[in-house]
Amino acid sequence: MIKRILTVLLLFPTLVCAQINTDRVMTIARNALYFEDYVLSIQYFNQVINAKPYLYEPYFFRALAKLNLEDFQGAEADCDAAIQRNPFVVGAYQIRGLARIRQSKFDGAIEDYQKALHYDPENITLWHNLTLSHIQKKDYNSAKEDLESLLKVSPRYTRAYLMRGEVSLQQKDTIAALTDFNKALELDKYDPDAWAARAIVKLQQSKYAEAESDFDRAIHLSAKNAGNYINRALARFHQNNLRGAMSDYDLALDIDPNNFIGHYNRGLLRARVGDDNRAIEDFDFVIQMEPDNMMAVFNRGLLRAQTGDYRGAIQDYTTVINQYPNFLAGYYQRSEARRKIGDKKGAEQDEFKVMKAQIDKQNGVTNKDVAQNKDKVDGSGDEDGEKTRKKSDKNMNNYRKIVIADDSEAEQRYTSDYRGRVQDKNVNITLEPMFALTYYEKMSDVKRSVNFHKYIEDLNRTGILSKRLRITNMEAPLTEEQVKFHFALIDTHTSAIVADEKSASKRFARAIDFYLVQDFSSAVADLTQTILLDGDFFPAYFMRALIRCKQLEYQKAEQAAETNIPGDKRKEITAVDYEVVRKDLDKVINLAPDFVYAYYNRANVSAMLKDYRAAIADYDKAIELNPDFADAYFNRGLTHIFLGNNKLGISDLSKAGELGIVSAYNVIKRFTDQTE
C-alpha cells in the first residue's frame with residue numbers, strides 16, 4: 001500500500017524555504033497521496049510547482065502519484081525533474097527505476113537502482129528490484145551477485161531465496177533451487193509462493209504426489225491464485241486422478257475465466273470422460289481466443305463427429321488440413337466423416353491421400369511434414385509417449401496432450417514482483433478501516449449489508465448537503481471532475497456561511513467538502529465551529545474524531561520515517577494524543593447510543609493502541625446492536641488472535657467471511673494450525 005512506500009520516502013526534508021501557503025498546500029498534497037487520492041494530490045502538487053518550480057519535492061511526489069495511476073512516462077519525466085534539482089534523492093531513482101521497468105527500459109532501471117544503492121546500500125527494496133531487472137535481462141550471474149548482497153543485508157528475507165531458486169531453475173540447477181525453496185519455507189511456512197515454487201520443482205522431478213501436497217498448502221494459504229489450481233490439476237492428472245484435475249480446472253476458471261490452459265485442458269479431460277458437448281464449449285472458447293490454434297480446431301472436429309455433427313467436423317478438419325496439408329490424421333478423420341454424410345467420392349480422395357503417403361514412406365519417399373505424422377492416421381496422437389506438451393508446441397500429432405506453460409511464461413512468476421508500488425500485495429494482517437460519513441464509496445465484489453442510521457437518513461432528506469451522505473469504511477478517491485466539483489462547492493458554502501454565520505449545518509456541509517479534498521485542518525476547524533453552534537449534532541463529533549485519527553496516522557508514518565534525521569526533535573505520537581479522538585467518540589455514544597459505528601471506531605482506536613480488551617468490549621457492543629456487522633466480527637476476530645485466543649478469533653472470522661469479507665478466509669487458513 002501507499003502507506004508503506006511513503007514511510008520510506010518521507011525522509012526528505014520539508015519545505016522549510018517555502019512560504020506558509022505553499023507549505024500548507026504541499027502538506028495537503030502529501031496527505032492526499034498518503035491516503036491514495038492520487039488525482040487530487042496531483043492537482044495540489046501542480047499548484048506548488050507553479051508557485052515554486054525550483055523545488056524537487058513536488059516533482060518527486062507527483063511522480064509517485066503518476067506511477068500509481070500507471071502514467072509511467074509522466075512519472076519518469078517528473079523524476080528527471082526532481083533529480084535535476086537534487087541529485088541525492090534516493091527515492092527519485094527508485095521511482096524512476098520502477099517507471100522505466102514498466103516501459104521495459106531495464107538498462108536504465110539497473111542504472112537507477114545502482115545509483116540509489118550507492119547512497120543507500122542496505123535498502124532491501126532496491127536490491128530486490130535490481131535483482132529482478134537483471135533476471136529480465138537474463139543476466140543470471142549478476143542476479144545471483146545481487147542476491148548475495150541482499151542476503152547479507154537481510155538474511156531472513158524469504159523473497160531472496162525464492163528469486164535465487166528461480167534463477168537456479170533457469171540455469172537448470174534443480175538441486176540448488178530446491179535448497180533455496182526449502183530455506184524459504186523454513187523461514188516462513190505461511191508464504192504460499194514458497195509452497196508453489198517447491199511444488200513446481202517436484203512436478204519437474206515427476207514427484208507428483210509431493211507436488212500435489214505442496215500445491216494443497218499453497219492453495220490453503222492463497223485460495224484465489226488460478227495458477228496453483230492449474231498446476232495442481234497437472235499433478236493430479238499424472239496420478240490418473242481425472243476428476244480431481246477437472247475440479248481444479250473448474251476452480252481455476254472460476255477465478256480466471258479467460259485462462260487458455262484451463263479451457264484447453266478441461267476440454268481434453270471432458271472428452272476423455274465422454275462429456276463431449278461441454279468439451280466442445282471449452283474448445284469453442286479456446287478458438288475464440290486463438291482462432292489459429294489448429295490443435296483446438298482439430299479436437300473440436302473430433303468431438304463434433306462424436307456428437308453426430310459431421311458437417312461441422314468436416315469444416316474443422318478442412319481448416320486444419322488447409323494449414324497442415326500433410327497432416328494424415330486430418331485426412332483420415334475427414335474421410336470417416338464424409339462417409340457418414342454419404343460423400344463417397346470425397347472420402348475416397350482423403351483415403352487415397354493417406355494410402356499414398358504410407359506407400360511413399362515404405363519406398364523411402366517422404367518429406368519432413370509427412371515424417372512427423374509417424375503413421376498416426378487414426379487420431380491417436382501421443383507421438384512420443386509423453387502426456388504433456390508446451391503451449392508453443394505446434395506439432396499437430398500432440399493435439400491430445402495436456403498443455404503446460406512455456407518456460408517464458410513460467411519465468412514471470414517473480415519477474416513481476418517489483419517492490420515499491422502501492423499495488424504491492426499487502427501481506428500484513430490489518431483491521432478493517434474506520435467508518436466515515438462521505439459521499440463516495442468503492443464498489444465491492446461481494447454485496448454486504450447497507451450501512452444505515454435514521455438520523456443520517458433524516459439529514460440527507462433535509463437537502464442541506466450537496467449529495468447523499470453515506471456511512472462507509474470503503475472510501476473512494478475523487479476523480480478529476482469530482483475534485484473540481486468539490487472545490488467549487490467549498491466556494492459556494494463559504495458564501496452561504498458569510499450570509500449566515502450561525503448555521504451549524506452549513507459549516508458541517510463545508511467540512512465534508514474540505515475532508516473530501518484532504519484539507520484536514522480546515523475540515524476540523526469547520527467541525528469545531530459546528531459543535532460550538534450545535535453541541536448536540538453528533539455527526540460533527542464523529543467526523544472530527546475520524547479526521548484527527550487520520551492526522552495522527554499520517555504524523556506517525558512521517559515520524560517513523562524521519563527517526564534517523566539528525567536534530568529531529570518533534571514530539572512522539574503517544575496514546576495521550578488519541579485522547580481527543582476517544583473523547584469525541586464518547587460524546588457521539590452519549591448523544592446517539594444506537595450509532596453502532598461510533599463503538600466500532602472507538603474499538604479500532606483501542607486496538608491501534610494495543611488496548612485489546614477495551615477494543616473487544618466495544619466490538620461486542622457493536623455486534624449486540626447489529627448482529628450482522630461483518631467488519632466488527634472481522635476486527636474482533638483479529639483482536640482475539642492478537643490476544644492469543646485463536647479459537648475465538650477463527651469463529652469471528654468465519655462469521656465475517658459468511659457476511660461478505662472474503663479476506664477472512666485467508667486469515668483463518670493462516671491461523672487454523674496454530675496452537676493457542
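Please refer to the structure higher up on the page.
What you see is a predicted model; the values in this text were computed from it and never measured. (Residues numbered from 1 in each chain as written. Predicted model: local features only at pLDDT ≥ 70, side-chain atom pairs only at ≥ 80, totals over all residues. Heavy atoms only, no water.)

### Remarks on the overall build of the protein
Assigned secondary structure in the protein consists of 35 helices and four strands. Evaluated residue by residue, the protein yields a buried proportion of 54% over its 676 residues. (Helix = DSSP H or I, 4+ residues; strand = E, 2+ residues; numbered from the N terminus. Buried < 20%, exposed > 50% of the residue type's maximum accessible area, 1.4 Å probe, protein only.)

### Some thoughts on the packing of helix α12 (residues 192-204) against helix α14 (residues 226-238)
Viewed as axis vectors pointing N to C, α12 and α14 meet at an angle of 30 degrees, and their least axial separation amounts to 11 Å. Classified by the angle between their axes, α12 and α14 sit roughly parallel to one another. The interaxial crossing formed by α12 with α14 has left-handed handedness. For the pair α12 and α14, contact is made by A196, I200 and L203 and by N228, N231, L234 and A235, respectively. Residues that form the contact of α12 with α14 fall into these classes: five nonpolar, two polar and no charged. (Axes fitted to C-alpha atoms, helices over the stretch in contact; angles between N-to-C directions. Parallel < 35°, antiparallel > 145°, perpendicular 65-115°, else oblique. Left-handed = near helix turned anticlockwise from the far one by under 90°. Contact = heavy atoms within 4.5 Å. Nonpolar A, V, L, I, M, F, W, Y, C, P; charged D, E, K, R; others polar.)

### Section: the environment of E432
The residue E432 is located in the loop between α24 (412-415) and β3 (436-438) in this model. With a relative accessible area of 14%, E432 lands in the buried category.

### Describing a nonpolar patch on the surface
On the surface, F352, M355 and I359 cluster together to form a nonpolar patch covering roughly 300 Å² of accessible area. Relative to the helices and strands, M355 is located in helix α21 (residues 344-362). The class for M355 is partly exposed, based on a relative accessible area of 44%. (Patch = residues over 30% accessible without salt bridge, like charges linked within 9 Å, V, L, I, M, F, W, Y side chains within 5 Å. Areas by Shrake-Rupley, 256 points an atom, 1.4 Å probe, with all protein chains shown as cover. Salt bridge = Lys/Arg side-chain N within 4 Å of Asp/Glu carboxyl O.)

### As for the packing of aromatic side chains
To describe a pair of aromatic rings, you give the distance between the ring centres and the angle between the ring planes. Counting across every chain of the model gives 29 aromatic pairs. Taking the centre distance of 6.0 Å and the plane angle of 65 degrees together, the rings of Y600 and Y619 count as edge-to-face. One end of the pair, Y600, is in helix α31 (residues 596-608); the other, Y619, is in helix α32 (residues 612-625), with 19 residues separating them in the sequence. Y619 matches Y600 in its accessibility class, with the two residues each being buried. Ring centres 5.5 Å apart and planes at 45 degrees place the aromatic pair Y612 and F642 in the tilted group. Note that Y612 is positioned in helix α32 and F642 in helix α33 (residues 630-642), a separation of 30 residues in sequence. (Phe/Tyr/Trp six-rings, centres within 6.5 Å; stacked < 30°, edge-to-face > 60°.)

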